[in-house]
Amino acid sequence: MGLHAENLRLLLQIGASHCALSIEGNNSSRQKKLRCTEQNSVICTLMSFRSGFVSIIGLPNAGKSTLYNKLVGEKLSVVNPKAQTTRHRILGIVNREQAQIIYSDTPGLVRRVSNKMHEHMVGAVMESLDDADVLVYLANPKEHNLPEAIADRLSRSKASLVIALNKIDLATQEQIEAEVEGWRKLNPTAVIPLSALHGFNIISLEQLIISLLPEHPAYFPEDQLTDRTDRFFVNEIIRGKILTYYSQEIPYSIEVITQSFKDNKNLLKIQAEVICERESQKAILIGQNGRALKRTATAARQDLEAFFGKQVFLEVRVKVREDWRDKDSSMREFGYQND
Ligand SMILES: Nc1nc2c(ncn2[C@@H]2O[C@H](COP(=O)(O)OP(=O)(O)O)[C@@H](O)[C@H]2O)c(=O)[nH]1
Ligand SMILES: [Mg+2]
């Protein structure tokens, strides 16, 4: 395994033959003891560093983005009761003393692929399955089996499978025990009940995940939180507000692009465009006397200020681009390619 000097954690213990340090429980076998010839009679315990990719997958509304934000410790992903809130794969990088965990939030498994954007969303899930060292399948209460497409793909995957039963705050102890037993029959590496919303069992899940990661040096620098740009998060935060404030087809028909992002020390100046598919949608988005858009932009600005930790000046316009969800050119422009 390509262990790199920078990523090794050396524990020096003078005169002792063993140094107890563990990420969790029973991992003494993973500790390698070295005798350092340069330092007379010093025993070094070499603790392996672990790093790898963890994909959170599941049906729409399972709570994947909620869990992802909890694990990453930042609100990187939009959470909303409406299905298909997450459109892209977003990497969230967590650094611990002995490990770097790279989480992927993924779009929910779309049952009916009806446009190019859906194709992209399915592609993003499949890509995250192929890369993963650990797969966390987040199940809803009363869900008893993996979706066929996932089960099929998993049979060919080398990743460890963790079944996480979410929303246990909505279930009784007996129901949870019965569901854990049911899922164990599929022989996953582990089954863990949790509540992403209430932060229950999240630390245990992280410890379990670390124990399943391969020994590997960190993939990303320690100060990097994600693979996405500031502009991407601006788009997502504005889109999140549109999901909240509009109904029916509007949230599914829009895209947001940041036209300009200027960081002037204490003030961020942001100009963004909301792209919709029809004039009628534009009218709804703007609302009477611009009231609907104003409300959306104000809420987005507040979230942007919290996210970036500084004052934000936000300008939002609405534009029509017919059928953008089915055009290759728009797909490329809006970052819907699986690479
Ligand atoms: N009661 C309950 N609701 C949850 C829990 N986790 C997530 N939710 C809710 O489920 C909905 C969908 O969450 P989201 O993270 O967007 O799901 P995703 O589509 O799988 O990414 C939101 O309204 C969340 O607040 C949980 O542990 N308990
Ligand atoms: Mg989501």
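Refer to the structure above for everything that follows.
Residues numbered from 1 in each chain as written. Chains lettered and ligands numbered in written order. Predicted model: local features only at pLDDT ≥ 70, side-chain atom pairs only at ≥ 80, totals over all residues.

> What is the right way to look at the sheet that holds strand β10 (residues 255-264) in this model?
Backbone hydrogen bonds hold the strands of a sheet together, and the pairing may be parallel or antiparallel. One open sheet holds the three strands; their spatial order is β10-β11-β12, and the pairing between them is mixed. The strands lining the two open edges of the sheet, one partner per strand, are β10 and β12 (311-320). Each strand of the sheet is rotated relative to its neighbour by a mean of 15°, with strand direction disregarded. With 10 bridges connecting them, strand β11 (residues 267-276) and β12 associate as parallel partners. Considered in β12, the bridge of Cys276 is made with Val320. (Pairing = 2+ DSSP bridges. Helix = DSSP H or I, 4+ residues; strand = E, 2+ residues; numbered from the N terminus. Axes fitted to C-alpha atoms, helices over the stretch in contact; angles between N-to-C directions.)

> Before we go on, may I ask you to explain the sheet that holds strand β5 (residues 90-96) in this structure?
With respect to topology, six strands assemble into an open sheet ordered β5-β6-β4-β7-β8-β9, the strand pairing being mixed. Each edge of the open sheet carries a strand with a single partner, namely β5 and β9 (190-193). For this sheet, the mean inter-axis angle between neighbouring strands, taken without regard to orientation, is 25°. Across the sheet, helix α1 (residues 64-72) touches β4 (50-57), β5, β6 (99-105) and β7 (134-139), and the angle it forms with β6 is around 160°. (Contact = placed C-beta atoms within 7 Å.)

> Just checking my understanding: could you explain the site of ligand 1 for this structure?
Around ligand 1 sit 22 residues, and of these Gly63, Lys64, Ser65, Thr66 and Leu197 come closest. By residue class, the composition of the shell around ligand 1 is seven nonpolar, 12 polar and three charged. (Near = placed C-beta within 6 Å. Nonpolar A, V, L, I, M, F, W, Y, C, P; charged D, E, K, R; others polar.)

> Where do I start with the packing of helix α6 (residues 230-245) against helix α9 (residues 291-308) in this structure?
A pair of packed helices is characterised by two quantities: the angle between their axes and the separation of those axes. The geometry of α6 relative to α9 is characterised by a closest axis approach of 9 Å and an angle of 135° between their N-to-C directions. In terms of their interaxial angle, α6 and α9 are classed as oblique. Our pair here, α6 against α9, has a crossing hand that is right-handed. On the side of α6, the interface is formed by Phe233, Val234, Ile237, Ile238, Lys241, Ile242 and Tyr245, while α9 contributes Ala292, Arg295, Thr296, Ala299, Ala300, Asp303, Leu304 and Phe307. Residue classes in the contact of α6 with α9 are distributed as 11 nonpolar, one polar and three charged. (Parallel < 35°, antiparallel > 145°, perpendicular 65-115°, else oblique. Left-handed = near helix turned anticlockwise from the far one by under 90°.)

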